[in-house]
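# Observations on the model geometry
So you can see what is in the structure, the chains are spelled out below.
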Amino acid sequence: MAKKTRALALGAIRESVSMSTVVRKAVFPVGGLGTRFLPATKAMPKEMLPIVDKPMIHYAMDEARAAGIEQFIFVTGRGKSAIEDHFDDAADLMDELASRGRNAEIAGLKAWLPAPGQVAYTRQQEPLGLGHAVWCARHLIGDEPFAVVLADDLVLNETPCLKQMVDAYRGVGGMMAAVEEVPRELVSRYGVLDIESEEGPLVAARGVVEKPDPDDAPSNLAIIGRYILLPEIFDLLENQKPGAGGEIQLTDALAAMIESGPFHGLRFEGRRFDCGDRAGFLKANIAFALERDDLRDRLQPFLREIAGS
């Protein structure tokens, strides 16, 4: 029965490629424990750690909104209620700000709050991997292409990474991931493309390998935390066996689907920061602060001072 379901799913992909390439929904897997940032993440979700003065998940939401996403789906776990609170109204805070005449702050908070019904939450009861987290959102996605955004991959650029992908996706359909070259010795941390051809920033893939040994990797073009996927992937994820790390790997499902439909990597413009790593998180704070007119002039002298010490 599982093989029949898989065959039906793969057989439907070619038809899906020619269907609408409008991407309206995005999945944010935020169920991880964030153990690299302990003790800061003992009581606070990793995704709520701030880059300057906004949580990482806030940047992810802004990026999705800029790409035209209309529905935001968070796959959470225990201890993630702060994320729900962040994207909800806070009547007591608004009342306090109003009593102090802080009208600008009130307007600023209301400006980015999602509209009622735009946000949905579902639980990943067990930490079984990224593929499993995506599968948990299946009933909220339905039968249409959707994006997946990992909040701890942060990209600094005037045109948000996901918007670059959505714009390119309209021309090719199928599935897509954001990709960048990484040092060969680091490919074992990523899903890596087996490249078939390249045309401008688009890379057509004949395969993808999860966390390969550097000596066996088909390239050093690595997938980062941005995807556009077809709903047929849910049937594969439902029956998929654990892969690298004993988890349900999204990359393994992507590899199975490539046989029946196009898969492209997009060499995005911008600088990516791995905020799941402490050094990457600190670099992102500095880089994003330097982009701010209200902080740049105050920060640069200090950076020059410590660089020369």
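Above this text is the structure in question.
Residues numbered from 1 in each chain as written. Predicted model: local features only at pLDDT ≥ 70, side-chain atom pairs only at ≥ 80, totals over all residues. Heavy atoms only, no water.

### Things to note about unusual backbone geometry
For clarity, the threshold we go by: Strands here mean DSSP runs of E at least two residues long; helices mean DSSP runs of H or I at least four residues long; both are numbered from the N terminus.
L38 connects to P39 through a cis peptide bond whose omega is 5 degrees. By secondary structure assignment, the location of P39 is in the loop between β1 (25–29) and β2 (50–51). Not every positive phi belongs to a glycine, and V52 is a case in point at roughly 65 degrees. With respect to the helices and strands, V52 occurs in the loop between β2 and β3 (54–55). Unusually for a residue other than glycine, K211 sits at a positive phi of about 45 degrees. Counting through the fold element by element, K211 comes out in the loop between β10 (202–210) and β11 (221–229).

### Observations concerning the packing of helix α4 (residues 91–99) against helix α5 (residues 103–112)
Two quantities define a packed helix pair, namely the angle between the helix axes and the distance between the axes. Selection rule: Simply put, an axis is a line fit to the C-alpha atoms, just over the touching stretch for a helix, and the angle between two N-to-C directions goes from 0 to 180 degrees. If an angle is under 35 degrees, it is roughly parallel; if it is over 145, roughly antiparallel; if it lies from 65 to 115, roughly perpendicular; otherwise it is oblique. Working rule for contacts: check all heavy atoms of both residues, and any pair within 4.5 Å makes them a contact. Only Asp, Glu, Lys and Arg are considered charged in this grouping, and only Ala, Val, Leu, Ile, Met, Phe, Trp, Tyr, Cys and Pro are considered nonpolar; every other residue, Gly among them, is considered polar.
In the contact formed by α4 and α5, the axes pass within 9 Å of each other and the chain directions differ by 150 degrees. Considered as vectors, α4 and α5 are oriented roughly antiparallel to each other. Touching L93, M94, L97 and A98 of α4 are E105, I106, L109 and K110, all from α5. Among the residues making up the contact of α4 with α5, the classes are represented as six nonpolar, no polar and two charged.

### Notes on the side chain of H264
What counts here: Only protein chains enter the accessibility calculation, which uses a 1.4 Å probe. A residue is then buried if its area is under 20% of the maximum for its type, exposed if over 50%, and partly exposed in between.
Assignment of secondary structure puts H264 in strand β12 (residues 263–267). Take H264: its relative accessible area is 14%, and that puts it in the buried class.

### Quick word on a negative patch on the surface
Convention followed: The patches described consist of residues with a relative accessible area above 30% and no salt bridge, like charges being joined within 9 Å and nonpolar side chains (Val, Leu, Ile, Met, Phe, Trp, Tyr) within 5 Å. What sets the accessible areas is the Shrake-Rupley method with a 1.4 Å probe; for residues, cover comes only from the shown protein chains. A pair is scored as a salt bridge if a Lys or Arg side-chain nitrogen falls within 4 Å of a carboxyl oxygen belonging to Asp or Glu. Think of it this way: Lys and Arg go in the positive column, Asp and Glu in the negative one, and His and the chain ends go nowhere. Positions of charges follow a simple convention, taking NZ of Lys, CZ of Arg, CG of Asp or CD of Glu.
Taken together, the side chains of E84, D85, D88 and D89 define an acidic patch exposed on the protein surface. Here D85 lies in helix α3 (residues 81–86). Taking the relative accessible area as the measure of exposure, D85 reaches 54% and is therefore exposed.

### A short note on the layout of surface pockets
Our working definition: Cavities and pockets were defined on a 1 Å grid built from protein atoms only: a cavity is a group of points that admits a 1.4 Å probe but offers it no way out, a pocket is an open group of points flanked by protein on both sides within 12 Å along at least five of seven lines, and a lining residue is one with an atom within 4 Å of any such point. Grid points are joined across faces, edges and corners, and a volume is the space filled by probe spheres set on the points.
By volume, the second largest pocket is sized at about 310 Å³. Along its surface, the second largest pocket is lined by 15 residues, and K54, Y59, V155, N157 and F288 are the ones closest to its centre. Sorting the residues of the lining of the second largest pocket by element identifies α2 (56–66) and β7 (153–156) as the ones contributing at least two each. In terms of residue count, the dominant contributor to the lining of the second largest pocket is α2 (four residues). Taken together, the residues of the lining of the second largest pocket break down into seven nonpolar, one polar and seven charged.

### Remarks on the packing of aromatic side chains
Both the distance between ring centres and the angle between the ring planes are used here to describe each pair of aromatic rings. Inclusion rule: Two rings belonging to Phe, Tyr or Trp (six-membered ring only in the last case) form a pair when the distance between their centres is within 6.5 Å. Interplanar angles under 30 degrees mark stacking, angles over 60 mark edge-to-face geometry, and anything in between is tilted.
Scanning the entire structure with this criterion turns up nine aromatic pairs. An angle of 20 degrees between the planes, with centres 4.9 Å apart, marks the rings of F28 and F74 as stacked. Note that F28 is positioned in strand β1 and F74 in strand β4 (residues 71–76), a separation of 46 residues in sequence. For F74, a relative accessible area of 0% puts it in the buried group. Relative to Y121, the ring of F74 lies with its centre 5.3 Å away and its plane at 20 degrees, an arrangement referred to as stacked. With F74 in strand β4 and Y121 in strand β5 (residues 119–123), this pair connects stretches of sequence that are 47 residues apart. Judged by relative accessible area, which is 29%, Y121 ranks as partly exposed. Members of the aromatic cluster, connected to one another through ring pairs, are F28, F72, F74, F87, W112 and Y121.

### Considering helix α11 (residues 278–290)
Put simply, the rule is: Expected helix span is given by 1.5 Å per residue-to-residue step, counting one fewer step than there are residues. Here a polar contact is recorded for every N or O atom pair within 3.5 Å, except that within protein the pair must consist of a potential hydrogen donor and a potential acceptor, and residues adjacent in sequence are included only if both atoms are side-chain atoms.
Helix length check: α11 (13 residues) gives 19 Å between terminal C-alpha atoms against 18 Å at 1.5 Å per residue, within 8%. Taken together, the buried positions of α11 are G280, F281, A284, N285, A287, F288 and A289. Packing partners of the buried residues in α11 comprise β2, α2, β7, β13 (271–274) and α12 (296–307). Of the residues flanking the start of α11, the one acting as N-cap is D277, its side-chain oxygen 3.1 Å from the backbone nitrogen of A279.

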